[in-house]
Structure formats: C-alpha cells, structure tokens
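Coordinate analysis (summary)
Now for the letters of each chain:
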Amino acid sequence: MGVIPPILGPCLKQLFKKPFTNLFPDVPPIPTPGNYRGIISYDRDKCAGCGLCAMVCPSGAIDFVKEERRIRIWIVKCAFCAQCTSACPKDALFMTEEFLSADYDKHTKEFILE
Ligand code: SF4
Ligand code: SF4
C-alpha cells in the first residue's frame, strides 16, 4: 500500500468548507472598501482643459482634445492608478467604486468618457 500524500487531509477538509470567494454573478458583489480605485469619472463642466491629466497618465488612456479644451478617456486602457485625479487642478476627475467593466466590445460607448 502506498504512502498517503500529506496534502490529502487539507484537500478533504476543504471539500466541506464554504468558499472564500464571492459567487458572482449569482451573488451581488461585496461592498468596496474606502478609497477604492474603481472606474474613473469625468466632470466635463469642471474641466479647465489644461491637459495635465493626459500628460501624467502612464497608460495613454487620456486624449487631450485641444480644439475643444477637454479630454476623452478610454476606460479599457486605464490602469486605475489615480495619477490623473491627483494632477487635476479642478477636481474634475475622480475614481468611483464601480468596477464591473467586462464587455465583448472594447469600443463600446460605455468605455469612453468625454
Ligand atoms: S487612473 Fe491612471 S491610468 Fe487611469 S486614466 Fe487616470 S492616470 Fe490614466
Ligand atoms: S487635468 Fe483636470 S482640468 Fe485639466 S484637462 Fe484634465 S480633467 Fe480637465
């Protein structure tokens, strides 16, 4: 008879435990913690059109539309670093608690903020 591998005990125990992960999408997502960096939001009315956010964005997610003095954000490129929110002198950018952003079309309107 062979030796019982030591991993077998923990594996069997685990079969009778509740899962640690959230069973999304059957169960709604758990609340996000404070200061969570979710999908970015843009307040066009507050924007001064300075272009600073586009300069600091490390992933090229922000286009500066010079003629209209505004920006366009490609959410699919965003790395959720929040550097743009720190750079914005007008508080026109902020991170939301939203994180559900899966889609089959990366060019869907929902992923472009302007
Ligand atoms: S959060 Fe970071 S990656 Fe996303 S748009 Fe702002 S600077 Fe760019
Ligand atoms: S840094 Fe702020 S004010 Fe300047 S372009 Fe970006 S969003 Fe507008």
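Anyway, here's the lowdown on the structure attached to this text. (Residues numbered from 1 in each chain as written. Chains lettered and ligands numbered in written order. Predicted model: local features only at pLDDT ≥ 70, side-chain atom pairs only at ≥ 80, totals over all residues. Heavy atoms only, no water.)

Taken together, Ile40, Cys57, Pro58, Ser59, Ala61, Ile62, Cys78, Ala79, Phe80, Cys81, Ala82 and Cys84 are the residues near ligand 1. When grouped by side-chain class, the residues that make up the shell around ligand 1 number 11 nonpolar, 1 polar and no charged. (Near = heavy atom within 4 Å. Nonpolar A, V, L, I, M, F, W, Y, C, P; charged D, E, K, R; others polar.)

All right, on to the sheet that holds strand E3 (residues 70-74) then. Taken together, 3 strands build an open sheet; the order of strands is E2-E3-E5 and the sheet is antiparallel. Of all strands in the sheet, those with a lone pairing partner are strand E2 (62-65) and strand E5 (112-113), marking the two edges. Pairing of E3 with E5 involves 2 bridges; the strand directions are antiparallel. Within the sheet, the bridge partner assigned to Ile73 lies in E5 and is Leu113. (Pairing = 2+ DSSP bridges. Helix = DSSP H or I, 4+ residues; strand = E, 2+ residues; numbered from the N terminus.)

Moving on, we get to the side chain of Arg70. Take Arg70: it is sitting in strand E3. You can call Arg70 buried: its relative accessible area is 9%. A distance of 3.3 Å separates the side chain of Arg70 from the side chain of Glu114, its partner in a polar contact. (Buried < 20%, exposed > 50% of the residue type's maximum accessible area, 1.4 Å probe, protein only. Polar contact = N/O pair within 3.5 Å; in protein donor to acceptor, adjacent residues only side chain to side chain.)

Near ligand 2, the surroundings consist of 13 residues, among which Cys47, Cys50, Gly51, Cys53 and Cys88 are the closest. Of the residues assigned to the shell around ligand 2, the class counts are 11 nonpolar, 2 polar and no charged.

Further remarks concern the pairing of E3. Pairing analysis gives 4 bridges linking E2 to E3, with the strands arranged antiparallel. Of the residues in E3, the one forming a bridge with Asp63 is Arg72. The loop that links E2 with its antiparallel partner E3 comprises 4 residues; one of these, Arg69, has a positive phi angle of about 50°.

Next up on the list: the environment of Asp103. With respect to the element layout, Asp103 can be found in the loop between strand E4 (93-95) and E5. Note on Asp103: relative accessible area 44%, which makes it partly exposed. Not counting residues within four places of it along the chain, the set of residues in contact with Asp103 comprises Thr108 and Phe111. A distance of 2.8 Å separates the side chain of Asp103 from the backbone nitrogen of Asp105, its partner in a polar contact. (Contact = heavy atoms within 4.5 Å.)

Turning our attention to the pattern of salt bridges. In total, this model carries 4 salt bridges according to the counting rule given. Across the pair Arg70 and Glu68 runs a salt bridge, and its minimum N-O distance is 2.6 Å. Assessed through its relative accessible area of 44%, Glu68 is described here as partly exposed. Between Arg72 and Glu114 there is a salt bridge, with the nearest N and O atoms lying 2.8 Å from each other. (Salt bridge = Lys/Arg side-chain N within 4 Å of Asp/Glu carboxyl O.)

Counting residues in hydrophobic clusters, the biggest one holds 19 residues, and the most contacted among them are Ile40, Ile62, Ile71, Ile73 and Leu93. Among the elements of the structure, strand E1 (40-42), E3 and E4 are those that each provide at least two residues to this core. Other than its neighbours up to four places away in sequence, Ile73 contacts Ile40, Tyr42, Ala61, Ile62, Leu93, Phe111, Ile112 and Leu113. (Core = buried A, V, L, I, M, F, W, Y, C linked by side-chain atoms within 4.5 Å.)

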